[in-house]
Amino acid sequence: MSSYTAVTGLVFNIQKYSVHDGPGIRTIVFFKGCPLRCHWCSNPESQNLKAELGYNRDKCLLCGTCVRTCPENALTLTPDGVRIDHARCDMEQLCARTCPAEALTVYGKHRTVQDVLDEVEQDSVFYARSGGGMTLSGGEALAQPEFALALLSEARKRRIHRALETCAFVPEETMLRAAELLNYLLIDIKCLDSAKHSIGTGVPNERILSNIRAVRATFPGLPIHIRTPVVPGYNDNDEDIRAIAEFVKGTGCARYGLLGYHRLGEQKYRFLGLDYLLGDQELNEGRFEHLKILAASICPPPHGEGAA
């Protein structure tokens, strides 16, 4: 048995039958932990590198079972629902297991490389037919570098196609070690202006751009797909998209596409007791279509593909 298979990491979901995060039909392994705090993040449960307890008031029966079960007395039953003292919660998870209405959800579970790949390989027949495989996502997979690299190394031994979806805000050494094990790389660029990038994500972008250049120079044959989430009031303008597209073109990365902003993760902020910073903003579809055309005019899609 490989020494990699016993390495553990914190995963909050494994999603099957995805067709958006790499070629073919894919299984996505979602890691906990991210160095960015994007205002529009659709996976707020991914941000902290620890397990978290979420609470859905709409499902709660106000029965008090979870309160009586909690060994740390971290839960309090009120007329408005269950109040969670996250500082006292030790993630014993008894409350979530005993809740009859499944109103409590634990985000994050420690898994081994062996455990994850055994689940990934259940869908190997779909990979063979579609050219798919495993994609590491998050959060940021490389925020748990030992686990991510072990997963990629063992998956390569098993001949599983390997993709990584990353913000690239990681040490260059980690980025290059991962790239060496990949068949496909997806990187987000939110904004080319570093100060503006810091406002929207909490970090500057120099390291991200530098890592893209480093990977491109070191592994020129690795397919790199750059993507930009188009966020209303932040980067949904010609200037920002043109700047990113021109940067991508200058690196020689063949594929660039835009992702439309959505609010599908908004309720999870409520489950975690967090504020959703973008409020009720919506992306104008006409503007989004215009920006896709603009991006494709600077960075045309590879031959035979439509605009992303």
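Residues numbered from 1 in each chain as written. Predicted model: local features only at pLDDT ≥ 70, side-chain atom pairs only at ≥ 80, totals over all residues. Heavy atoms only, no water.

1. A short note on the overall build of the protein chain
Then, number 1: A tally of regular secondary structure across the protein chain gives 11 helices and 12 strands.
Then, number 2: For 308 residues, the compact-globule estimate of 2.2 N^0.38 gives 19 Å, and the C-alpha radius of gyration of the protein chain, at 21 Å, lies within 12% of that figure.
Then, number 3: In terms of overall dimensions, the protein chain has a C-alpha envelope of 60 × 50 × 35 Å along the principal axes.
Then, number 4: In the protein chain, the proportion of contacts linking residues at least 24 apart, taken out of those at least 6 apart, comes to 69%. (Helix = DSSP H or I, 4+ residues; strand = E, 2+ residues; numbered from the N terminus. Rg over C-alpha atoms; globule rule 2.2 N^0.38 Å. Contact = heavy atoms within 4.5 Å.)

2. Focus on the packing of helix H6 (residues 172–179) against helix H8 (residues 206–218)
Then, number 1: Where H6 contacts H8, the two axes come as close as 10 Å, and the packing angle between them is 40°. With respect to each other, H6 and H8 are oriented oblique. Once H6 is placed against H8, the crossing between them reads as right-handed. Side by side, H6 and H8 meet where Glu172, Met175, Leu176 and Ala179 of the first sit next to Ser210, Asn211, Ala214, Val215 and Thr218 of the second.
Then, number 2: Along the lines of polarity and charge, the residues of the contact of H6 with H8 split into 5 nonpolar, 3 polar and 1 charged. (Axes fitted to C-alpha atoms, helices over the stretch in contact; angles between N-to-C directions. Parallel < 35°, antiparallel > 145°, perpendicular 65-115°, else oblique. Left-handed = near helix turned anticlockwise from the far one by under 90°. Nonpolar A, V, L, I, M, F, W, Y, C, P; charged D, E, K, R; others polar.)

3. A closer look at the sheet that holds strand S8 (residues 133–137)
Then, number 1: Taken in spatial order, the 8 strands make up an open sheet running S7-S1-S2-S8-S9-S10-S11-S12, and their pairing is mixed. One side of each edge strand has no neighbouring strand; the edge strands of this open sheet are strand S7 (109–112) and strand S12 (255–260). Averaged over all pairs of adjacent strands, the angle between strand axes in this sheet comes to 30°, irrespective of strand direction.
Then, number 2: Here 4 bridges tie strand S10 (residues 184–188) to strand S11 (residues 224–230), and the two strands are oriented parallel to one another. Looking across to S11, one finds that Asp188 is bridged to Arg227. (Pairing = 2+ DSSP bridges.)

4. Description of the environment of Ala217
Then, number 1: In this structure, Ala217 sits in helix H8.
Then, number 2: With relative accessibility at 63%, the residue Ala217 sits in the exposed group.
Then, number 3: As a C-alpha pair, Ala217 and Gly252 span 35 residues in sequence and 9.7 Å in three-dimensional space. (Buried < 20%, exposed > 50% of the residue type's maximum accessible area, 1.4 Å probe, protein only.)

5. Concerning the pattern of salt bridges
Then, number 1: Counted according to the given criterion, the structure contains 18 salt bridges.
Then, number 2: The salt bridge involving Arg158 is made with Glu154; its shortest N-O contact spans 3.4 Å.
Then, number 3: For Asp188, the salt bridge is made with Lys190, and the minimal N-O distance between the two is 3.8 Å. Side by side, Asp188 and Lys190 carry an identical accessibility label, which is buried.
Then, number 4: In this structure, a network of salt bridges that share partners links the residues Asp21, Glu165, Asp188, Lys190 and Arg227. (Salt bridge = Lys/Arg side-chain N within 4 Å of Asp/Glu carboxyl O.)

6. Quick notes on empty space enclosed by the protein
Then, number 1: By the definition in use, this model includes 3 cavities of 30 Å³ or more.
Then, number 2: There is about 80 Å³ of room inside the largest cavity.
Then, number 3: Lining the largest cavity we find 13 residues, and of these Cys60, Leu61, Cys63, Cys66 and Cys99 sit closest to its centre.
Then, number 4: When the residues that make up the lining of the largest cavity are grouped by side-chain class, the tally is 12 nonpolar, 1 polar and no charged. (1 Å grid on protein atoms, 1.4 Å probe; cavity = no way out; pocket = protein on both sides within 12 Å on 5 of 7 lines; lining within 4 Å. Points joined across faces, edges and corners; volume = space filled by probe spheres on them.)

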